[in-house]
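Chain residues, written in single-letter form:
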Amino acid sequence: MAGLVAVLYGTAAYGVTLVALLYLIGFTGNLVVPKSIDSGAIGPVLASIVIDVLLIGVFAIQHSVMARQGFKRWWTRIVPASVERSTYVLFASFALLLLYWQWQPIPTPVWTVNHPVAAGALDAVFWLGWVVLVVSTFLLNHFELFGLSQVFMHLFGKQPPEAKFRTPLLYRYVRHPIYLGILLAVWATPAMTVGHLVYSLGITAYILIGIQLEEHDLIQQFGNRYRRYRRHAAMLVPLSCRSFAASHDADI
Ligand SMILES: C[S@@+](CC[C@H](N)C(=O)[O-])C[C@H]1O[C@@H](n2cnc3c(N)ncnc32)[C@H](O)[C@@H]1O
């Protein structure tokens, strides 16, 4: 019975996360959704900036704190380990939904690209970012990242496998392709506004800090394998064509 409840909870959390992520595309690109980054009632600029920064802060703190190994050890004394990841993605989705709801638009233009080819290129990079993000979740392990594997393993009485160090495809060149995808999507726009700039700067700061915390944990988890990986693969921007693959087989 407990296994079935965990599966229902995990599936619901996955559904909410998919909706929140789909909405994120519309929110960031001012596409389709009723409330986007540049739409809604306009308030005083300074108050809007403070509120928007706080909203990004809520997401960043939830995402960073709940992802730490120490927090997970404490948290799994309260919630069953099988639903720890589902709870994490559910809380992250709530933080995103709060951001969409309370976001204060500041539509003053920062840059506007009118040339159709240049604007089209920026739109293409925006979509490329989302494709990189989604593909990378599958490269790493989509269903584990979003907590579904854990609840089904629990249902079938299996222990979750040990976390595996993986470097497939994009991960051979870049250590954080999911974050790279987000950065492409939040910066590539033909119509940058002050509100969108606050959003892009906030998310970039969160990603740069988040990477430090995540890599600290990955070194604890995988030791010298991750240290070696750091020497061979770029953090975010693959400036040279060097891949981790060349050194990979000999080292691991
Ligand atoms: C939201 S994912 C982001 C992964 C990566 N930072 C990226 O941008 O593609 C975070 C999870 O991925 C795991 N992770 C990151 N790099 C990994 C790797 N090379 N192999 C296995 N797990 C990894 C972390 O331990 C963490 O649980």
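Residues numbered from 1 in each chain as written. Predicted model: local features only at pLDDT ≥ 70, side-chain atom pairs only at ≥ 80, totals over all residues.

Participant: Is there a simple way to explain the overall build of the chain in this structure?
Facilitator: Helix and strand content of the chain: eleven helices and two strands. Taken from the N to the C terminus, the helices and strands of the chain come in the order α-α-α-α-β-α-α-α-α-β-α-α-α. In terms of overall size, the chain behaves like a compact globule, its C-alpha atoms giving a radius of gyration of 19 Å where 252 residues would be expected to give roughly 18 Å. Looking at the 252 residues of the chain, the share that counts as buried comes to 27%. Pairs at least 24 apart in sequence give 81% of the contacts found in the chain among residues at least 6 apart. (Helix = DSSP H or I, 4+ residues; strand = E, 2+ residues; numbered from the N terminus. Rg over C-alpha atoms; globule rule 2.2 N^0.38 Å. Buried ≥ 20, exposed ≤ 12 C-beta atoms within 10 Å, placed from the backbone. Contact = placed C-beta atoms within 7 Å.)

Participant: Help me out: how do you make sense of the site of the ligand in this one?
Facilitator: Near the ligand there are 13 residues, and of these Arg-166, His-176, Pro-177, Ile-178 and Tyr-179 occur at the shortest range. If you list the elements that add at least two residues to the shell around the ligand, you get helix H5 (116-140), helix H8 (177-187) and helix H9 (194-222). Classifying every residue of the shell around the ligand by side-chain character gives eight nonpolar, three polar and two charged. (Near = placed C-beta within 6 Å. Nonpolar A, V, L, I, M, F, W, Y, C, P; charged D, E, K, R; others polar.)

Participant: Sorry, what's going on with the environment of Asn-114 here?
Facilitator: The residue Asn-114 is located in the loop between strand S1 (109-112) and H5 in this model. On the basis of neighbour counts, which here come to 8 C-beta atoms within 10 Å, the residue Asn-114 falls in the exposed class.

Participant: Explain unusual backbone geometry here, please?
Facilitator: Excluding glycine, residues mostly carry a negative phi; peptide bonds, for their part, are mostly trans. Of note in this structure, Val-32 is not a glycine but carries a positive phi near 60°. Topologically, Val-32 is positioned in the loop between helix H1 (2-29) and helix H2 (45-67). Residue Val-32 is classed as exposed on the basis of its 11 C-beta neighbours within 10 Å. For Asn-141, which is not glycine, the phi dihedral falls at a positive 155°. In this structure, Asn-141 sits in the loop between H5 and helix H6 (142-145). Using a count of 15 C-beta atoms within 10 Å as the deciding quantity, one classes Asn-141 as partly exposed.

Participant: Where do I start with H1 in this structure?
Facilitator: Side chains three or four residues apart in an α-helix point the same way, a direct result of the helix having 3.6 residues per turn. Given a rise of 1.5 Å per residue, 28 residues ought to cover 40 Å, and the 41 Å separating the end C-alpha atoms of H1 matches this to within 8%. Residues of H1 that are buried: Ala-6, Gly-10, Ala-13, Tyr-14, Thr-17, Ala-20, Leu-24, Phe-27 and Thr-28. Tucked into the core, H1 has its buried residues touching helix H4 (84-102), helix H7 (148-155) and H8. Within two residues after H1, Asn-30 carries a phi angle of roughly 50°, on the positive side. (Expected span 1.5 Å × (residues − 1).)

Participant: When you look at the environment of Met-235 in this model, what are you seeing that I'm missing?
Facilitator: Mapped onto the elements, Met-235 comes out in the loop between helix H10 (224-232) and helix H11 (245-251). The exposure class assigned to Met-235 is partly exposed, which follows from the 14 C-beta atoms found within 10 Å. Once the C-alpha coordinates of Met-235 and Tyr-171 are considered, the two residues, 64 residues apart in sequence, prove to be 9.8 Å apart.

Participant: Hey, could you run me through the confidence of the model for the chain in this one?
Facilitator: Any region with low pLDDT has predicted coordinates that should not be read closely. Chain-level pLDDT for the chain is 92 on average; 95% of the residues reach the 70-or-more range. Looking across the chain, the model is least confident in H11, with a mean pLDDT of 48, and most confident in H8, with 98. (pLDDT = per-residue confidence, 0-100.)

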